[in-house]
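# Examining the three-dimensional arrangement
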Amino acid sequence: MEAKFFRFLKIVGVGFKARAEAEGRLLYLKLGYSHEVELTVPPAVRVFCFKNNIVCCTGIDKGRVHQFAAAVRICKPPEVYKGKGIMYIDEVIKKKEGKRSK
């Protein structure tokens, strides 16, 4: 399979990790829940983990690649106060200011 379309995801947070198994067919995510999140990759998409916090979704169908990347991002979307979660590499999160004490 020749990969034409890519989508890179960055996982930010202490203890948040990802690993791909079964030749890019399964993606396991540790996202601070009591269990690992297991995602089955669609047939036209492959997944690679460069580090334990960078995930690459690649394939020949742009729609399926982007749809799977969005499904991975939904597992832990980035939060606006600390910026922890799963985000696209080129995504910019506008952070909010927390409560101020008097």
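The structure we're discussing is the one just above.
Quick summary incoming for the structure in this document. (Residues numbered from 1 in each chain as written. Predicted model: local features only at pLDDT ≥ 70, side-chain atom pairs only at ≥ 80, totals over all residues. Heavy atoms only, no water.)

### A short note on the pairing of strand β6 (residues 54-59)
- For β6, the tally of buried residues reaches six of six residues, placing the bulk of the element in the interior.
- Alternating positions in β6 separate into two faces, I54, C56 and T58 on one and V55, C57 and G59 on the other, with burial throughout.
- Pairing geometry for strand β1 (residues 5-12) and β6, over six bridges, is antiparallel. Considered in β6, the bridge of F5 is made with G59.
- As defined by bridge partners, strand β5 (residues 45-49) adjoins β6 across five bridges and the pair is classed as antiparallel. If you follow V45 over to β6, its bridge partner there is G59.
- The hairpin turn running from β5 into β6, its antiparallel successor, is four residues long. (Buried < 20%, exposed > 50% of the residue type's maximum accessible area, 1.4 Å probe, protein only. Helix = DSSP H or I, 4+ residues; strand = E, 2+ residues; numbered from the N terminus. Pairing = 2+ DSSP bridges.)

### With respect to helix α1 (residues 62-74)
- In this model α1 runs 18 Å from its N-terminal to its C-terminal C-alpha over 13 residues, within 8% of the 18 Å that 1.5 Å per residue would give.
- Those residues of α1 lying buried are V65, F68, A69 and V72. Projected onto a plane normal to the axis of α1, the buried residues spread over an arc of 100° and lie on a single side. For α1, the exposed residues lying more than 90 degrees away from the buried face are Q67 and I74.
- Here the buried face of α1 lies against β1, β3 (26-30), β4 (37-40), β5, β6 and β7 (85-88). (Expected span 1.5 Å × (residues − 1). Arc of directions from axis to C-beta. Contact = heavy atoms within 4.5 Å.)

### Concerning the packing of aromatic side chains
- All told, the structure shown has two aromatic pairs when counted by the stated rule.
- Taken together, the ring pairs in this structure connect F6, F8 and F50 into an aromatic cluster.
- Note that R7 overlies the ring of Y88, its terminal NZ or CZ placed 4.0 Å from the centroid.
- Over the face of the ring belonging to Y28 we find R19, whose NZ or CZ atom lies 4.5 Å from the ring centre. (Phe/Tyr/Trp six-rings, centres within 6.5 Å; stacked < 30°, edge-to-face > 60°. Lys NZ or Arg CZ within 6 Å of the ring centre and 35° of its normal.)

### So, the nonpolar core
- Counting 21 residues, the largest nonpolar core has L27, L29 and F68 as its most contacted members.
- Those elements giving two or more residues to this core turn out to be β1, β3, β4, β5, β6, α1 and β7.
- In terms of residue count, α1 provides more of this core than any other element does, four residues in total.
- F68 has contacts with L27, L39, T40, V41, P42, V45, V47 and C57, leaving out every residue within four places of it along the chain. (Core = buried A, V, L, I, M, F, W, Y, C linked by side-chain atoms within 4.5 Å.)

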